[in-house]
Amino acid sequence: MEEKVLNPDIEVPLTEVEEEGFRHLNNPADGIKPIVKKYLGSPSGVEQSGNKFYFTDGEAKVEVVVVTPEIIRVRVAPHGVFLEEFSYAVPKLETKKVKFDLHEDIAEFRISTESINCHISKKDFFISFSDQELRITSMDAVPMHWEENTQFGGYYVFGTKVCHPQETFFGLGDKATELNLRGKRFKNWNTDAYSFAWNQDPLYRTIPFYISVNEGVAHGIFFDNTFKSQFDFGAEDKTKTSFWADGGELQYYYIHGPHMMDVVKRYHILTGTHPMPPLWALGYHQCRWSYYPESKVRAVTKGFRDKKIPCDGIYLDIDYMDGYRCFTWNRKYFPDPRKMIKELSDQGFKTVVIIDPGIRVDDNYAIFKEGKDKKYFCRRSDDYFMEGHVWPGRCQFPDFTNPDVREWWGGLFDELVDIGVAGVWNDMNEPAVFGAGTFPDDVRHQYDGHRGSHRKAHNVYGMQMVRSTYDGLRKLMKNKRPFTITRAGYSGLQRYASVWTGDNVASWEHMKLGNIQCQRLSMSGVPFCGTDIGGFSGEPDGELFTRWIQLGTFTPFMRSHSAGDTKEREPWSFGEPYTTINRKFIELRYRLLPYLYSTFWEHHRYGFPILRPVVMQEQDVQSNHFRQDEFTYGDKILICPVLDPGIARRTVYLPKGDWYNFWNSELVEGGKEVMVETPLDIIPIFVKAGSVIPEYPVQQYVGEKEIEEVKLNVYYSDYEVNSFYFEDYGETFAYEQDIYLEKKFIVNGDAGQMTISQSLEGLYTPRYENYHFSVTGLPFKPSNILVDNKWFTNFTYRNDKLEFRFTKNFKHIKIMK
Ligand code: GLC
């Protein structure tokens, strides 16, 4: 018989309060109870404390908090006692000074801000929201309700809203299904989903936030609950939208639009935005399970430079470690990692290494010993350590919900940082366990002092792991921006990491799915996302790989990755014509880097998503609610990937306004579908009229060349259009001290003239002196240019393109007939 000594250091078992997050569970000694759903009764009065309002039906209490003029939080305490304020998603509930008032009449209480109203019905406690014109945007279909201490032993909380006939739904993160979620139901329980199928659910991440659009008006619901949660968008009952969870509080934020973009921006006010990534991380990344030994890594990186295909990131998957032990090196494969990483770095490659949460049980392994001595590994409810098998064999797992553990883990990256590692890839952090899938429910977590079982902590485990990674790297790298990538996460993960969509398959269907998943992640608050280009498992042919590289050129994170049992998967692996086309698109990625970087800034500073499905451009056109192929990359460039084999042309929908075909500068009027030729080296790309798109020269890696001038591609329009251009050092946190330059361009024109003006904000000074203007679409032959009130003659006009160079400090340019 095996003997295990109980660990003496867990002081007391979790109480029910900590376990389930509630203070009101019935005494189990009362015996098995039938399932009883309890609904809120009628509210009997209101108490106010600052921006918080409390209503009660005699026993249950409802709290309504005015967070901003457009965000209101609602939560329910069935027995009158609320949980302490704590959320991994919303680190600080910033309630700015908001003006609001309370109104009471026979039928309702109404809390009004300058933008919205929250109505609490006196009859039945229904809660609804309306806009300034008192148009109802969201309304309870039944009062908020819950089940407690049922024979299933659980605790369930439910919210149910009216689902309107035309209402459509978007969001929820990485779900593997159509963009519009109407008519479907989903579960959030982070899951390692190798080779997932269309409609498979749940997947790797939990983002319990959706956007609804009804009659042209959008609102969002963020159900901030980390337990297993579920959503039903009119699937079981066409007239109802429900969300519920297996524990925790019924707590949600109503986020007003009226535009979908407003909802996403406001969701970011709550959960934060992605920090600025190092510029190199927006370049191309090459990954494989695994590149080893060192000679293989060197052959691959040499291949990029020899073949002149740009690349910045090179990845080491699990085989770089000694027996898959985190923070070790396999010295047979990598005898001198410092030297290798240094030499790769001299050639412009940034090395990214994988780290998994499973720590091999091995007393001769320092990390295990230390974690064990410090009591940092997760325990079961009977106090035994949580053990499970992953790549290294028998493992224990750090409790990343403990701040001390996060601090310790973050510090373990010191050697890797010291030898030059530039980024860390966090995998298997759902957490994944072979056989069992994940941890048993009874595993205990510290949960930042709000202790709870794995039922409460499962969905945040991965996010807390990558948080510890990011925070650790940030300290160790001093003023340099770390690059991190995670597979699992919860709302708010964007404050710490980029994501990839996990173990996809080399198929056309999966590329389609990846296109939707990235758009969906982007509108769900996870902007820096990408797929394993080419598909992780299985073999793409040259055509599929090339079409995927073309799509990947326009996903914020661009990385090829493949499983170990597949054939070579570098951009040149399929021969010609594929290599040349792959190079052309990766070069395009590098040319558009300043545009992507500016778009990232718009996300970071203002909360805009990077990828925007066309419904976000034109939500008042109902047919757009069902489009999912085309999207805009930032605000100005519309992309429509080719998602089927052998396609020589395809239709693309262009939202209203004027668009230029990127490849031939042809002007096309939007508001309709157009047919576009799509030979293998072309995917439809359109640029909004009036845009200013900054462009870099092609580089083999970020920083290869001193940028001597920036090309500004200006597209004529006869209405006013604004563009952003953001510049800074690209690798430090100086932007947090306002050391950046945010430029705003305004383009306008009419039949006889065109103007371009520039305004600047911030303290950064780029080193280049000049812009190279390239103006497309002028409806007249230019004969005079006036720059800052001086005549300027040094320009050319050939093939309908006006070209000239001028100092970057110009304020106003007038181009005349
Ligand atoms: C998981 C990851 C995959 C990685 C592999 C080996 O399957 O999702 O990207 O290559 O583990 O580490």
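Residues numbered from 1 in each chain as written. Predicted model: local features only at pLDDT ≥ 70, side-chain atom pairs only at ≥ 80, totals over all residues. Heavy atoms only, no water.

If you check an unreviewed UniProt entry, the chain appears there as Alpha-glucosidase from Mucilaginibacter yixingensis. UniProt annotates the chain under Sequence similarities (unreviewed entry) with the comment "Belongs to the glycosyl hydrolase 31 family." (UniProt positions renumbered as here; feature names shortened; annotations may be inferred.)

Asks: Looking at this structure, I do not really get the overall build of the chain. What am I missing?
Replies: If you tally the helices and strands in the chain, you get 13 helices and 54 strands. Relative to the 2.2 N^0.38 estimate, which gives 28 Å for 817 residues, the radius of gyration of the chain is 28 Å and therefore close to what a compact globule would have. When its C-alpha atoms are laid out on the principal axes, the chain stretches across 90 × 75 × 50 Å. If you sum the accessible surface of the chain, you get close to 29800 Å²; carbon and sulfur atoms cover 49% of it. If you average the places of the 97 positive and of the 113 negative side-chain charges in the chain, the two averages end up 3 Å apart. (Helix = DSSP H or I, 4+ residues; strand = E, 2+ residues; numbered from the N terminus. Rg over C-alpha atoms; globule rule 2.2 N^0.38 Å. Areas by Shrake-Rupley, 256 points an atom, 1.4 Å probe, with all protein chains shown as cover. Lys, Arg positive; Asp, Glu negative; His and termini not counted. Charge placed at Lys NZ, Arg CZ, Asp CG, Glu CD.)

Asks: So what exactly am I meant to see when it comes to the site of the ligand here?
Replies: Every residue lining the ligand is accounted for by Trp289, Asp317, Ile318, Ile354, Trp391, Trp425, Asp427, Arg487, Trp500, Asp503, Phe536 and His561. One of the side-chain N or O atoms of Asp317 is found 2.5 Å from an oxygen atom in the ligand. At 3.0 Å, a side-chain N or O of Asp427 approaches an oxygen atom of the ligand. Contact with the protein chains hides 97% of the accessible area of the ligand, taken as 310 Å² for the molecule alone. (Near = heavy atom within 4 Å. Polar contact = N/O pair within 3.5 Å; in protein donor to acceptor, adjacent residues only side chain to side chain.)

Asks: When you look at the sheet that holds strand β22 (residues 313-316) in this model, what are you seeing that I'm missing?
Replies: Two strands in a sheet stick together by hydrogen bonds in their backbones, pointing the same way (parallel) or opposite ways (antiparallel). Spatially, β33-β32-β30-β27-β23-β22-β21-β35-β34 is the arrangement adopted by the nine strands of the open sheet, whose pairing is parallel. Edge strands, defined here as strands with exactly one partner in the open sheet, are β33 (529-530) and β34 (532-533). Here β22 pairs with strand β23 (residues 350-355) via four bridges, running parallel. From the neighbouring strand, Gly313 faces β23, where its bridge partner is Lys350. Along the sheet, helix α3 (residues 294-306) contacts β21 (284-286) and β22; its crossing angle with β22, the most-contacted strand, is approximately 165°. (Pairing = 2+ DSSP bridges. Contact = heavy atoms within 4.5 Å. Axes fitted to C-alpha atoms, helices over the stretch in contact; angles between N-to-C directions.)

Asks: Mind showing me how you'd approach the UniProt feature "domain: Glycoside hydrolase family 31 TIM barrel" (unreviewed entry) in the chain here?
Replies: Feature annotation in UniProt assigns "domain: Glycoside hydrolase family 31 TIM barrel" (unreviewed entry) to the following positions: residues 275-598. Here residues 275-598 runs as 35% helix and 14% strand, with 13 Å between its end C-alpha atoms.

Asks: Mind showing me how you'd approach the packing of aromatic side chains here?
Replies: For the structure on display, the rule yields 71 aromatic pairs. For the pair Phe304 and Phe349, a centre-to-centre distance of 6.5 Å together with 65° between the ring planes defines the contact as edge-to-face. Here the residue Phe304 occupies a position in helix α3, and Phe349 occupies one in the loop between α4 (337-346) and β23, the gap between them amounting to 45 residues. Assessed through its relative accessible area of 0%, Phe304 is described here as buried. Judged by centre distance (5.7 Å) and plane angle (75°), the rings of Tyr315 and Trp425 are edge-to-face. Taken as a pair, Tyr315 in strand β22 and Trp425 in strand β27 (residues 423-426) lie far apart in primary sequence, 110 residues in all. For the residue pair Tyr315 and Trp425, the accessibility class agrees, reading buried in each case. Positioned above the aromatic ring of Tyr447 is the side chain of Lys456, whose terminal nitrogen or guanidinium carbon lies 4.6 Å from the ring centre. (Phe/Tyr/Trp six-rings, centres within 6.5 Å; stacked < 30°, edge-to-face > 60°. Buried < 20%, exposed > 50% of the residue type's maximum accessible area, 1.4 Å probe, protein only. Lys NZ or Arg CZ within 6 Å of the ring centre and 35° of its normal.)

Asks: Explain the environment of Asp317 to me, please; I cannot follow it from the model alone.
Replies: Inspection of the secondary structure puts Asp317 in the loop between β22 and α4. According to the relative accessible area criterion, Asp317 is buried, its value standing at 6%. In this structure, the C-alpha to C-alpha distance between Asp317 and Glu85, residues 232 residues apart in sequence, is 39 Å. For Asp317, the residues in contact, after removing those within four places along its chain, are Arg288, Trp289, Ser290, Ile354, Trp425 and His561.

Asks: Is there a simple way to explain the environment of Trp791 in this structure?
Replies: Among the secondary structure elements, Trp791 is positioned in strand β51 (residues 790-792). Spatially, the C-alpha atom of Trp791 lies 9.6 Å from that of Lys814, the residues being 23 residues apart in sequence. Excluding residues that lie within four positions of it along the chain, Trp791 makes contacts with Asn784, Ile785, Leu786 and Met816.

Asks: How should I be thinking about the pattern of salt bridges in this particular structure?
Replies: Side-chain pairs of opposite charge can arise whenever the charged atoms involved come near each other. In the structure shown here, the tally under the stated rule is 59 salt bridges. Here Glu63 and Arg73 are joined by a salt bridge, their closest N and O atoms 3.0 Å apart. Linking Glu63 in strand β4 (residues 61-68) with Arg73 in strand β5 (residues 71-77), this pair joins segments that are 10 residues apart in sequence. A residue is classified by how much of its surface remains accessible, and Glu63, at 1% relative accessible area, is buried. The shortest N-O distance in the salt bridge between Asp201 and Lys175 comes to 2.9 Å. (Salt bridge = Lys/Arg side-chain N within 4 Å of Asp/Glu carboxyl O.)

Asks: Help me understand the UniProt feature "domain: DUF5110" (unreviewed entry) in the chain in this model?
Replies: As annotated in UniProt, the feature "domain: DUF5110" (unreviewed entry) corresponds to residues 710-777 in the numbering used here. Helix makes up 0% of residues 710-777 and strand makes up 57%, while its end C-alpha atoms are separated by 20 Å.

Asks: Mind showing me how you'd approach the environment of Lys339 here?
Replies: Tracing the sequence through the fold places Lys339 in helix α4. Assessed through its relative accessible area of 46%, Lys339 is described here as partly exposed. Note: C-alpha distance between Lys339 and Ile419 (80 residues apart in sequence) is 8.2 Å.

Asks: Any chance you could explain the packing of helix α9 (residues 508-523) against helix α10 (residues 542-552) here in plain terms?
Replies: The description of two packed helices rests on the angle between their axes and on the distance between the axes. Contact pair α9 / α10: the axes reach a minimum separation of 11 Å and the direction vectors enclose 5°. When the axes of α9 and α10 are compared, the pair comes out roughly parallel. Residues Trp508, His510, Met511 and Asn515 of α9 form the contact with α10, whose own contacting residues are Glu543, Leu544, Arg547, Trp548 and Leu551. Across the contact of α9 with α10, the residue classes break down as five nonpolar, two polar and two charged. (Parallel < 35°, antiparallel > 145°, perpendicular 65-115°, else oblique. Nonpolar A, V, L, I, M, F, W, Y, C, P; charged D, E, K, R; others polar.)

Asks: How do you make sense of the side chain of Asn459 when you look at a structure like this?
Replies: Relative to the helices and strands, Asn459 is located in helix α8 (residues 454-476). Among the polar contacts listed, one links the side chain of Asn459 to the backbone oxygen of Phe227, at a separation of 3.5 Å. Each residue touching Asn459, except ones within four places of it in the same chain, is listed here: Asn188, Trp189, Asn190, Thr206, Thr226, Phe227, Lys228, Gly489 and Tyr490.

Asks: Help me out: how do you make sense of the sheet that holds strand β43 (residues 685-688) in this one?
Replies: Here we have six strands laid out as an open sheet, ordered β36-β37-β38-β43-β40-β41, and antiparallel in their pairing. The open sheet is flanked by β36 (611-613) and β41 (667-669), the only strands paired with a single partner. In this sheet, neighbouring strand axes are inclined to one another by 35° on average, regardless of whether the strands run parallel or antiparallel. For strand β40 (residues 658-661) and β43, the ladder comprises three bridges, and the chain directions are antiparallel. Residue Asn661 lies in a different strand from β43, and its bridge partner there is Phe686.

Asks: It is not clear to me how the packing of α3 against α4 should be interpreted in this structure. Could you clarify?
Replies: At a minimum axis distance of 12 Å, the contact between α3 and α4 shows a crossing angle of 0°. Accordingly, the angle class assigned to the pair α3 and α4 is roughly parallel. Contact with α3, carried on its side by Glu294, Val297, Arg298 and Thr301, involves Lys339, Met340, Glu343 and Leu344 of α4 and no other residues of that element. Looking at the contact of α3 with α4, its residues break down into three nonpolar, one polar and four charged.

Asks: Just to check I follow, could you spell out helix α6 (residues 403-411) for this structure?
Replies: Since the α-helix turns once every 3.6 residues, residues separated by three or four places project in the same direction. Three or more residues of α6 are buried, namely Val405, Arg406, Trp408, Trp409 and Gly410. Packing partners of the buried residues in α6 comprise β23, β24 (359-360), α5 (366-373) and α8.

Asks: Got a minute to help me understand the nonpolar core in this structure?
Replies: With 183 residues, the main nonpolar core has Phe222, Ile355, Trp409, Met754, Phe773 and Ile815 as its most contacted residues. Element by element, the count of residues in this core is highest for α8, at eight residues. Not counting residues up to four positions away in its chain, the partners in contact with Ile355 are Tyr320, Cys326, Phe327, Trp409, Phe413, Leu416, Val424, Trp425, Asn426, Asp427 and Met465. (Core = buried A, V, L, I, M, F, W, Y, C linked by side-chain atoms within 4.5 Å.)

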